[in-house]
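Residue-level structural notes
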Amino acid sequence: EHYQGIYRSPMYGDLDVGLDDGALTYKLGHAFVGKFEHLNYDTFRMKNRDAWVRQRDVSFRLNADGKVGAVLMHGVGEFARVVEESKPDPESGSD
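About the thresholds
- Residues numbered from 1 in each chain as written.
- Predicted model: local features only at pLDDT ≥ 70, side-chain atom pairs only at ≥ 80, totals over all residues.
- Heavy atoms only, no water.
- Core = buried A, V, L, I, M, F, W, Y, C linked by side-chain atoms within 4.5 Å.
- Buried < 20%, exposed > 50% of the residue type's maximum accessible area, 1.4 Å probe, protein only.
- Helix = DSSP H or I, 4+ residues; strand = E, 2+ residues; numbered from the N terminus.
- Pairing = 2+ DSSP bridges.
- Axes fitted to C-alpha atoms, helices over the stretch in contact; angles between N-to-C directions.

**Brief notes about the nonpolar core**
Residues Y7, L15, V17, F36, V58 and F60 are the most contacted members of the largest nonpolar core, which totals 16 residues. Contributions of two or more residues to this core are made by β2 (13-20), β3 (23-28), β5 (43-48), β6 (57-62) and β7 (68-73).

Printed below as a string of structure tokens:
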């Protein structure tokens with residue numbers, strides 16, 4: 001669960017990491033969609049739904065707080081975690 005989120009690369013766009021029926025999944029554009037296969041610690045292999053897409057290994061990197069802050073896609077580059085800004089609660093009365 002702590003891997004789930006949006007990770008962004010200025011060159012490749014958004015990598016959406018989710019959870020589907022207990023399996024860690026990913027989506028990057030329209031061609032790169034599939035599931036992660038766990039290899040070791042925070043390293044996974046991308047198992048794409050389309051067999052013609054080359055498998056790549058990824059490593060989730062922790063930040064100074066010990067939380068996942070980025071994904072390194074080996075041979076491609078790094079995707080930084082997008083931190084969602086908290087939205088004000090309209091019922092709290094503060095702006």
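**Comments concerning the pairing of β2**
Pairing analysis gives five bridges linking strand β1 (residues 5-9) to β2, with the strands arranged antiparallel. Following the sheet pairing, I6 is matched in β2 by D16. If you look at the hairpin formed by β1 and β2, you'll find three residues sitting between the two strands. Strand direction decides the pairing type here: β2 and β3, joined by six bridges, are antiparallel. Counted as the bridge partner of D16 is K27 from β3. The turn linking β2 back onto β3 is made up of two residues, and D21 within it adopts a positive phi angle of 55°.

**Some words on the sheet that holds strand β8 (residues 77-81)**
The sheet built from eight strands closes into a barrel, its strands ordered β1-β2-β3-β4-β5-β6-β7-β8 with antiparallel pairing. Shown here is a sheet whose adjacent strand axes are inclined to one another by a mean of 30°, direction ignored. Relative to β7, β6 is paired through five bridges, and the arrangement is antiparallel. By the bridge assignment, S59 is partnered in β7 with L72.

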